[in-house]
Every structure is written in structure tokens, then in C-alpha cells.
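Here are the chains, one letter per residue:
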Amino acid sequence: QLRETHLATDLGVSRAPLREALGLLAEEGLVDKIPYRGAFVAEVSADGMAEIASLRKRLEPYAIELALPSLRGSGRVKVTRALEDMEIGADNNDPAATIDAHMSFHRGFYELSGHKLLLELWRSWEAQLQLFFSADHQAFADLHDMVSEHKRLLKIVDSGDLDAITAEIDRHV
């Protein structure tokens, strides 16, 4: 449970802006607000993650397809920098840094797609996905394995073979 009084004191803010912030976090799916009980940290739901995964399996190949011209040009640095940051995070055994880079890597495809609605969809589930990645990254004994998975994905993306990209996203997600 997120106790407003304690949080407001710890953060040095009044309860009104804290309530507003908790409301925004609830909209993003990071906080569950239960009437007359309070606010609670949202749990990673298997059903919620399955729904996001089903959308990603359909939409991410399309985002990549649209992003391919940019990935062959100046936009490539967006995903390669994220991959480098992921590797630095793994080298430092820093799960938070690898999660941030992981999110940036996949977000890059949506940003480079030039498709505003696709990017809005990504942003609508991004906070929940970040919670899932926080739990998922603990399954990697070595964070370098996650980096290798993304290098593999980028190599397949570089092939431009849409069937192979779709199959890899299906496996990857």
C-alpha cells in the first residue's frame, strides 16, 4: 500500500499533488486505486502481459517494417545506442540500466516507424511493460544473455526479411 501521509512527508510535498501523481500513475497502470482502501503498487498481471504480448507480436513487425528505411540511415543510431547501453548495463550488472535500454531499443522501432498511432499504442502500455521487464530480467542469470537476444533480433531486422522478422518477434516476445 502507498500511504499518502508517509509518501508526502518523505517527498516533502503536500498531499494534493501526491494524489494527482498517484492518479496519473493509476492511469498508466502502475498504481491500483481502490475506493476507501487507498493506493497500491500495481502487480504484474499474467493476463495483462499476455494482452500486451499479443499486440506486440502483431504490431512490432509492422513498426519495424515501417522503420526499415530509417534503420538503414541516420535513425539506426537510436537502436544501436540502446543496444550499447544495454551492454554497458549488463557489464555493470545493473538491471535498471538494462531495463531502460531494453525499453529504448523496442521503443526505437515505433518512433522510427513514423506512425503516430503505433507510437501512441507503445506509450499506452510502456509503463506496464517496464514493470514486466523488471520481473522478467530477474530470470536472466547473466544480463549479457538478454543483450545477445537483442543483437540476434537486430541482425534479423537488418536482413529486411519481413517473414523472418515476424517469426523472430513472435519468438522474442
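Anything mentioned here points back to the structure above.
Here is what the cut-offs are and how they apply
Residues numbered from 1 in each chain as written. Predicted model: local features only at pLDDT ≥ 70, side-chain atom pairs only at ≥ 80, totals over all residues. Heavy atoms only, no water. Phe/Tyr/Trp six-rings, centres within 6.5 Å; stacked < 30°, edge-to-face > 60°. Helix = DSSP H or I, 4+ residues; strand = E, 2+ residues; numbered from the N terminus. Buried < 20%, exposed > 50% of the residue type's maximum accessible area, 1.4 Å probe, protein only. Contact = heavy atoms within 4.5 Å.

**Examining the packing of aromatic side chains**
Per the stated rule, a full pass over the model turns up 5 aromatic pairs. Between the aromatic rings of Phe 105 and Phe 109, the centroid separation amounts to 5.2 Å while the plane-to-plane angle is 80°, which identifies the pairing as edge-to-face. Remark: Phe 109 and Phe 105 occur in helix α5 (residues 95–112); sequence separation between them is 4 residues, near one turn of the helix. Judged on exposure class, the residue Phe 105 and its partner Phe 109 are both buried. Measuring from ring centre to ring centre gives 6.3 Å for Phe 132 and Phe 133, while their planes differ by 50°; the resulting arrangement is tilted. With relative accessibility at 3%, the residue Phe 133 sits in the buried group. Ring pairing ties together the aromatic residues Tyr 110, Trp 122 and Trp 125, which thus form one cluster.

**So, the side chain of Arg 56**
Position of Arg 56 among the secondary structure elements: in helix α3 (residues 46–71). Contacts of Arg 56, omitting those with residues within four sequence positions, involve Pro 61, His 106, Tyr 110, Trp 122, Trp 125, Leu 129, Phe 133, Ile 169 and Val 173.

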